[in-house]
Amino acid sequence: MRRLLFVLGAVLTVELIALAWQGANPEWKAYQRAFMAEGLARAGTEVEQRWYREQLMGVREIRVEALGRVDRCTTCHLGVDDPNFVDGPEPFRAHSPILTAHPPERFGCTICHNGRGRAVTTLAAHGDSAEAPSRLWRGVYLQAACFLCHGASSLPAEAVATVLEGIKSINQFRCLRCHQIHGEGESEGPDLSTVGSRRDWVEIYAHLLNPQAMSPGSTMPDFPLTRAQAEAITAYLLTLQGPGQAIYDARYLARNAARGVERYLFNVERSTLSVGAFRYEGRVLFHDLGCSYCHRIGTAGGEVGPELTHIGRVRDADWLRRLLRDPASALPGGTMPRLFLTDAQVEALVEYLVKLR
């Protein structure tokens, strides 16, 4: 008994020390140190070098009172408006020129990108967890944000092409024979008017491919959707949001200056230039990204896609890496969606999957 108590006490002590270390060395500090070091290397003048040296470390916050939003994304995405980082590494790369029409001071970040604006860790901020529906919107799913505020008439067709294809597919497959959207349609199936607020895009996509696997007992037919069709319908369904996600006030969208907008910097201290890196745990990431919606490992997971219990026996790391980066290239004609993963996420998942033997 004494030995057991000693072991338990030692484990608890180690965990408390680890928690204390994490509290004193949050992830965002490592990113800010890395940004300062990279900025010094990219600086072209002494003035720029001085600017990077004199930057204070702290949680950066953008409050847009008019939209009820608090976004801390620039705590890590520090080069968002820095011309020295136009070709910089993530998460420091400068934003595309569209930022000039959507300044963060007026709109924040999550109005377009989704995610959890108040969070200050990668997993929480990007919504890479099982807690739907705050997953970051990437790739073609960003079109949902454009469509939400601007509709189709005021944008170039290519800006919302995937969403428009989704609307066409909704009509093609007669979805409103069972579902309602904003009062139109029937009520045999669930009302989809706010489905984008209740489900993340991975879950929606998986449900479209195999409704019975996602919702046992569902009476929804198993439509033979292609990857492109499932992607397009998902993009459209993401536009079906509850109140608060979109800006419907045309006067606000057109305004040149916004009131009630402030930037905050707190937890201030002088920076020191030592570079740290965030590492994902592949097993946790597999679940949190929603991979288990479709794939089973052992006795846990879904049946939308193939079982992966022994995937490491039949696929090598290079093939898995190619699959995760571009499923359409690795599996032509398949239905696995592109997940728009970062290099760090790809490597963590590959490291996990190759060991499944």
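Just so it is clear, the model here is predicted, and its values are computed rather than measured.

A. Helix 12 (residues 227–238), seen in detail. Given a rise of 1.5 Å per residue, 12 residues ought to cover 16 Å, and the 17 Å separating the end C-alpha atoms of helix 12 matches this to within 8%. Among the 12 residues in helix 12, 11 count as buried, and that is most of the element. Among all positions of helix 12, only R227, Q229, A230, E231, A232, I233, T234, A235, Y236, L237 and L238 are buried. Elements in contact with the buried residues of helix 12: helix 7 (142–150), helix 8 (161–172), strand 3 (180–181), helix 9 (195–198), helix 10 (201–209) and helix 18 (327–330).

B. Layout of the packing of helix 17 (residues 317–325) against helix 19 (residues 343–353). One way to put it is that helix 17 packs onto helix 19 with a least axis distance of 9 Å and a crossing angle of 135 degrees. Comparing the axis directions of helix 17 and helix 19 gives the class oblique. Viewed along their axes, helix 17 and helix 19 form a crossing whose handedness is right-handed. Taking contact as the criterion, the partners of A317, L320, R321, L324 and R325 in helix 17 are, on helix 19, D343, V346, E347, L349, V350 and L353. Looking at side-chain class alone, the contact of helix 17 with helix 19 contains seven nonpolar, no polar and four charged residues.

C. Structural detail: the packing of aromatic side chains. The final tally for this structure, using the stated rule, is 11 aromatic pairs. Ring geometry for Y52 and F85: centres 6.5 Å apart, planes at 65 degrees, overall edge-to-face. A residue pair is termed long-range when its members are at least 10 positions apart, and Y52 in helix 3 (residues 46–53) and F85 in the loop between strand 2 (69–71) and helix 4 (104–107) qualify at 33 residues. Taking the centre distance of 4.4 Å and the plane angle of 25 degrees together, the rings of Y141 and W201 count as stacked. With Y141 in the loop between helix 6 (122–125) and helix 7 and W201 in helix 10, the pair connects residues that are 60 residues apart, well separated along the chain. By relative accessible area, which is 0% here, Y141 ends up buried. Of note, R42 hangs over the ring of F85, and the distance from its end group to the ring centre comes to 5.2 Å. The positively charged end of R315 is found above the aromatic ring belonging to W319, 3.8 Å away from the centroid.

D. The arrangement of the packing of helix 8 against helix 12 in detail. The N-to-C vectors of helix 8 and helix 12 enclose an angle of 100 degrees; their axes lie 7 Å apart at closest approach. In this view, helix 8 runs roughly perpendicular relative to helix 12, as classed from their interaxial angle. Where helix 8 approaches helix 12, its residues T162, V163, E165, G166, I167, S169, I170 and Q172 are matched on the opposing element by Q229, E231, A232, I233, A235, Y236 and L237. Looking at the contact of helix 8 with helix 12, its residues break down into eight nonpolar, five polar and two charged.

E. Examining the state of the cysteines more closely. Evaluation of the coordinates by the stated rule reveals zero disulfides. Distance from the sulfur of C109, which forms no disulfide, to the nearest cysteine sulfur (C73) is 3.9 Å. Taking the relative accessible area as the measure of exposure, C109 reaches 15% and is therefore buried. C175 supplies the cysteine sulfur nearest to C178, a cysteine that is in no disulfide, at a spacing of 8.5 Å.

F. Here's a closer look at the confidence of the model for the protein. The predicted model of the protein averages 84 in pLDDT, with 82% of residues at 70 or higher. In the model, residues 256–276 has pLDDT below 50 throughout and makes 58 contacts with residues more than four positions away in sequence or in other chains.

G. Looking closely at unusual backbone geometry. Put simply, E90 and P91 share a cis peptide bond, and its omega is 10 degrees. Among the structural elements, P91 can be located in the loop between strand 2 and helix 4. Positive phi, close to 55 degrees, is recorded for H182, a residue that is not glycine. Secondary-structure assignment places H182 in the loop between strand 3 and strand 4 (184–185). Take H182: its relative accessible area is 57%, and that puts it in the exposed class.

H. Region of interest: the pairing of strand 1 (residues 56–64). Among the nine residues of strand 1, seven are classified as buried, and the element is accordingly described as predominantly covered. Strand direction decides the pairing type here: strand 1 and strand 2, joined by three bridges, are antiparallel. For V64, the partnering residue across the bridge sits in strand 2 and is R69. Linking strand 1 back to strand 2 in an antiparallel pair, the connection comprises four residues, with G68 at a positive phi of about 65 degrees.

I. Representation of the nonpolar core within the structure. Ranked by size, the top nonpolar core spans 58 residues in total, and within it W137, Y141, L237, F286 and L353 carry the most contacts. For this core, the secondary structure elements donating two or more residues are helix 7, helix 8, helix 10, helix 12, helix 14 (282–288), helix 15 (291–294), helix 17 and helix 19. Among residues more than four places away in sequence, those in contact with L353 are F286, L308, I311, G312 and L320. Grouped together as the second largest cluster of nonpolar side chains are 14 residues, Y31, A34, M57 and F85 included.

Calculation criteria
- Residues numbered from 1 in each chain as written.
- Predicted model: local features only at pLDDT ≥ 70, side-chain atom pairs only at ≥ 80, totals over all residues.
- Heavy atoms only, no water.
- Helix = DSSP H or I, 4+ residues; strand = E, 2+ residues; numbered from the N terminus.
- Expected span 1.5 Å × (residues − 1).
- Buried < 20%, exposed > 50% of the residue type's maximum accessible area, 1.4 Å probe, protein only.
- Contact = heavy atoms within 4.5 Å.
- Axes fitted to C-alpha atoms, helices over the stretch in contact; angles between N-to-C directions.
- Parallel < 35°, antiparallel > 145°, perpendicular 65-115°, else oblique.
- Left-handed = near helix turned anticlockwise from the far one by under 90°.
- Nonpolar A, V, L, I, M, F, W, Y, C, P; charged D, E, K, R; others polar.
- Phe/Tyr/Trp six-rings, centres within 6.5 Å; stacked < 30°, edge-to-face > 60°.
- Lys NZ or Arg CZ within 6 Å of the ring centre and 35° of its normal.
- Disulfide = S-S within 2.5 Å.
- pLDDT = per-residue confidence, 0-100.
- Pairing = 2+ DSSP bridges.
- Core = buried A, V, L, I, M, F, W, Y, C linked by side-chain atoms within 4.5 Å.

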